[in-house]
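What the coordinates show
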Amino acid sequence: MRRVKRKFIKINDVYVEITRIILALFLFTISMFLSKSMFQPRKTYSLVLNGNTSVDVSIKNDYTDAGFKFLENNKKIEANELKINVKNDVDTNNLGQYAYTYEVIYKNTTYTAKRIVNVVDNIPPVIKTDMQQVELFSCQKDGKLNIEYSAEDNYDGVITDKVKEKIDANKVILSVVDSSGNETTKEIPIVETEEPSPKISLNGREIVYVKQNETYIEEGAIAFDACENKIDDEVKIEGSVDTTKVGTYEIKYSVTSGTKTSVKTRTVIVYDGIINNPISPNRDKVVYLTFDDGPGRYTEELLDILKKYNVKATFFVTNQFKAYVPLIKREHDEGHSIAIHTLTHKWSVYDSVETYIKDFNDMNNIVEQYTGSKTNLFRFPGGSSNTISRGHSKGVVSAIANEMTKRGYVYFDWNVDSNDAAGANSSQIYSNVTTGISKRHESVVLMHDIKRSTIDVIEDIIVYGLNNGYTFDTLNVSSPTVHHHINN
Ligand SMILES: [Zn+2]
């Protein structure tokens, strides 16, 4: 019994044990399940930029963004699983702050990351010079250096005018700063050099003629040192002129800069008596511009140019181009000298002395009409040396010259021929005139205001004359007549 009972109990115990094991397994499974679902960490996503979130890029350089990573719990998700939008505002042609933005869509959620891109000018300007060394004269110590250079900046362009020059011991330092504050310096070694002589030039002429007992006016001299500084005040003038005594005097002008002295002298001639035309010594470098055959279509333009430079000329007028003849009044009113050339400019004026004088008088009446008075000045058509008149009347030019001179008229030929009537072009005219006047003390220049080529070059001729110390004057009865040899 007891054995049975015991056996039963034993069986019962096993049953209990099994049940407990099953229960324990069940609880374990539940707890495992619960713990798994409760303590499992949540998934995290992040959009991370490669590199810095704020970067600088040089102006005008290309900008390449460093990109991004998209992470799921620190594990990179490949780009092909993402939908990516890029917004790029960066303008590398203009300085400024820009955004480079990524927008990533993953599992219906949008993530964004923005990088700040600063377009900056961090490239310094460039100073260019061919000078390997600088010669420094004593006059340059405080003054402007004579250095040639240029400066250019990637952003500001040419900034040569912003370059600062500084002398430091044995070198010149050039420096320049661009608008973004980038600085460039360049050093050029200084070489001490012997200073060139100063330059001195006389005001007025090197030879001055003063009539006895008249006043000599000292015009002085101008001077520049080797650094082109004006040093007129340093000029010493030695010598004097006694205008009561006929003779030749020398005035010495000297100027010193550094160790060098430059000297010029002026000869003053005090003379007695009358100086004869045509070459009067105190009438050096005088130019009489004369214009024949007008007034014509270019005369007004010529008058405008003469007026611009306040240059006076002489017009040998005709009645050939009637619409322009009233311009004689303007010529006269603006201070030019009016002289007769001919009414018709036909060679038939040389048929006889009478035909010539009738033509002359008819033209002079027209001149009187526009100027209020007749003129005593004239020029033969073709000049007094013309030979065409031989075919009209033998000896007629000689006869006319005698008759006209007797009546108090003065004729003029020329000693400088522009050759415009013969078809010279403007540059030939310029050359003919400037060469011609440079060979003479006084020049009567033949030109024609009906020639386009002359009008085109007259301003250049005037400028040449004014720049080279010539005086332009008008002809009058006591001017040099410059007569040619009469051939008929
Ligand atoms: Zn003529």
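Considerations on the coordination of the zinc ion
By definition of the ideal shapes, four donors in a tetrahedron about a metal sit 109.5 degrees apart, and six donors in an octahedron sit 90 or 180 degrees apart. The protein atoms donating to the zinc ion are Asp293 (OD), His341 (NE2) and His345 (NE2), with metal-donor distances spanning 2.1 to 2.3 Å. Written as a sequence motif, the donor residues of the zinc ion are D-x47-H-x3-H. For histidine 345, a relative accessible area of 21% corresponds to the partly exposed category.

As for the packing of helix H2 (residues 299-308) against helix H7 (residues 452-467)
At their nearest, the axes of H2 and H7 sit 10 Å apart, and the two run at 0 degrees to each other. Looking at the two axes, H2 sits roughly parallel to H7. Residues Glu301, Leu302, Ile305, Leu306 and Lys308 of H2 lie in contact with H7, whose contacting residues are Arg452, Ile455, Ile458, Glu459 and Ile462. Residues of the contact of H2 with H7, tallied by class, amount to six nonpolar, no polar and four charged.

Considering the confidence of the model for the protein chain
For the protein chain, the average pLDDT comes to 89, and 93% of its residues sit at 70 or higher. Contacts of residues 274-282 to residues separated by more than four positions or lying in other chains number 16 contacts, the stretch itself having pLDDT below 50.

Quick word on the sheet that holds strand S9 (residues 134-136)
Ordered by their spatial adjacency, four strands build an open sheet running S9-S14-S13-S12, and the pairing between neighbours is mixed. On the outer flanks of this sheet lie S9 and strand S12 (164-168), each paired with one strand and no other. Between one strand axis and the next, the sheet turns by 35 degrees as a mean value, whatever way the strands run. Sheet analysis places strand S13 (residues 171-177) next to strand S14 (residues 183-192), joined by seven bridges and oriented antiparallel. Paired with valine 176 across the strands is threonine 184, a residue of S14.

Digging into the domain arrangement of the protein chain
Here the protein chain is described as being made up of domain 1 (45-120), domain 2 (126-192), domain 3 (199-271) and domain 4 (286-472). A straight line from the C-alpha centre of domain 2 to that of domain 4 covers 58 Å.

Focus on the sheet that holds strand S4 (residues 75-76)
Strand order in the open sheet formed by three strands is S1-S3-S4, and the pairing between neighbours is antiparallel. If you trace the sheet from one side to the other, it starts and ends with strand S1 (45-49) and S4, each paired once. Pairing geometry for strand S3 (residues 68-72) and S4, over two bridges, is antiparallel. When the sheet's bridge partners are listed, leucine 71 is paired in S4 with lysine 76.

Criteria and thresholds
Residues numbered from 1 in each chain as written. Predicted model: local features only at pLDDT ≥ 70, side-chain atom pairs only at ≥ 80, totals over all residues. Heavy atoms only, no water. Donors = N, O, S within 2.8 Å, 3.2 Å for Na, K, Ca; no water. Buried < 20%, exposed > 50% of the residue type's maximum accessible area, 1.4 Å probe, protein only. Axes fitted to C-alpha atoms, helices over the stretch in contact; angles between N-to-C directions. Helix = DSSP H or I, 4+ residues; strand = E, 2+ residues; numbered from the N terminus. Parallel < 35°, antiparallel > 145°, perpendicular 65-115°, else oblique. Contact = heavy atoms within 4.5 Å. Nonpolar A, V, L, I, M, F, W, Y, C, P; charged D, E, K, R; others polar. pLDDT = per-residue confidence, 0-100. Pairing = 2+ DSSP bridges. Domains from an automatic or database assignment.

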